Each structure stands twice: as C-alpha cells, then as structure tokens.
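Coordinate inspection notes
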Amino acid sequence: MNLKIAAIRSGTDPVGNLPGGSFTRTLETPLHCPKCDVTYYTVVDWDQSADRWFADNSRPLLTLLRKAIFMGHSTDHRVTHFETEGVVVTSFTRHEALAKP
Ligand SMILES: [Zn+2]
C-alpha cells in the first residue's frame, strides 16, 4: 500500500474518506498557508505513520500538499480536503462548500 496523506483545513470536517479509515493519526505539524493564517492538519494511516522510514517518505507528499494549499489561497481555500500518494493531489469538494454567502 502506497503512503497516502490527507490535509484537512482546520475547523472543517473531512469531505471524503481518510487514509486508514478509523485508524488514523494526525501529524503534529500542521501545514500553513504562506500567505494567510489558514492551516491544514495532516492525517495518515496509523500503521503507515509508524513505519521507520515515515519521516523520509512523507516529506515529498507534504511538499505536494503544501503546494496545493498555497495554490488554494487564490480561491479562498475553498478546497478543504486534499489527499496525495505522490505526483497527483486529489481535491475533495462538497457542493454546499462552493456556495458563497
Ligand atoms: Zn491562504
């Protein structure tokens, strides 16, 4: 199973399923948008987070997620849930989240 990491915007609920289902771990370091005070917490499968190479293996994925969050700044961080296994970042969106007040 490939390492998969999800990033969820603080204060929102995950839109899709999280990696690891109910056995998840939230990483200690949240991802910050470099342009505002929005943060995303990161979630991984519990077993994968316990892997001895996790720190190394997770780094490129966290870089991708950080980039996706930075890109999301221009659209008010409307995407509150990202996920990646590397290379591609998937955005989870909810329809009501797209409607602006
Ligand atoms: Zn921002």
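As shown above, the structure is provided for reference.
Structural notes, computed from the coordinates.

Quick notes on the rules
- Within each chain, residue numbers correspond to sequence positions counted from 1 in written order.
- Where local features are concerned, this predicted model is filtered to residues with pLDDT of at least 70; where side-chain atom pairs are given and counted, the filter is 80 or more; whole-chain, interface and lining totals use all residues.
- The term nonpolar core refers to a group of buried residues, namely Ala, Val, Leu, Ile, Met, Phe, Trp, Tyr and Cys, whose C-beta atoms join them within 7 Å.
- Here exposure depends only on C-beta density: within 10 Å of a residue's C-beta, 20 or more other C-beta atoms make it buried, 12 or fewer make it exposed, and intermediate numbers make it partly exposed, the C-beta atoms being placed from the backbone.
- Numbered from the N terminus, helices here are DSSP runs of H or I no shorter than four residues, and strands are runs of E no shorter than two.
- In this description, any two residues whose backbone-derived C-beta atoms lie within 7 Å of each other are considered to be in contact.
- For two strands to count as paired, DSSP must find a minimum of two bridges between them.

**Quick notes on the nonpolar core**
If you look at the biggest cluster of nonpolar residues, it comprises 13 residues, and the most contacted ones within it are Ile5, Ala6, Ala7 and Leu65. Sorting the residues of this core by element identifies β1 (5–9), β4 (39–45) and α2 (54–72) as the ones contributing at least two each. Once residues within four sequence positions are removed from consideration, Leu65 is found in contact with Ile5, Ala7, Leu31, Thr42, Phe82, Thr84 and Val89.

**Overview of the pairing of β1**
When you tally the buried positions in β1, you get five out of five residues, the bulk of the element. Side chains of β1 alternate between two faces, with Ile5, Ala7 and Arg9 and Ala6 and Ile8 buried alike. As judged from the five bridges shared by β1 and β4, these two strands associate in the antiparallel manner. Paired with Arg9 across the two strands is Tyr40, which belongs to β4.

**Digging into the environment of Phe82**
By secondary structure assignment, the location of Phe82 is in strand β5 (residues 81–86). Overall, the presence of 26 C-beta atoms within 10 Å leaves Phe82 in the buried class. In the structure, Phe82 is positioned 11 residues away from Met71 in sequence and 12 Å away in space, judged by C-alpha atoms. Setting aside its immediate chain neighbours within four residues, Phe82 contacts Ala6, Ala7, Leu65, Ala68, Val89, Thr90 and Ser91.

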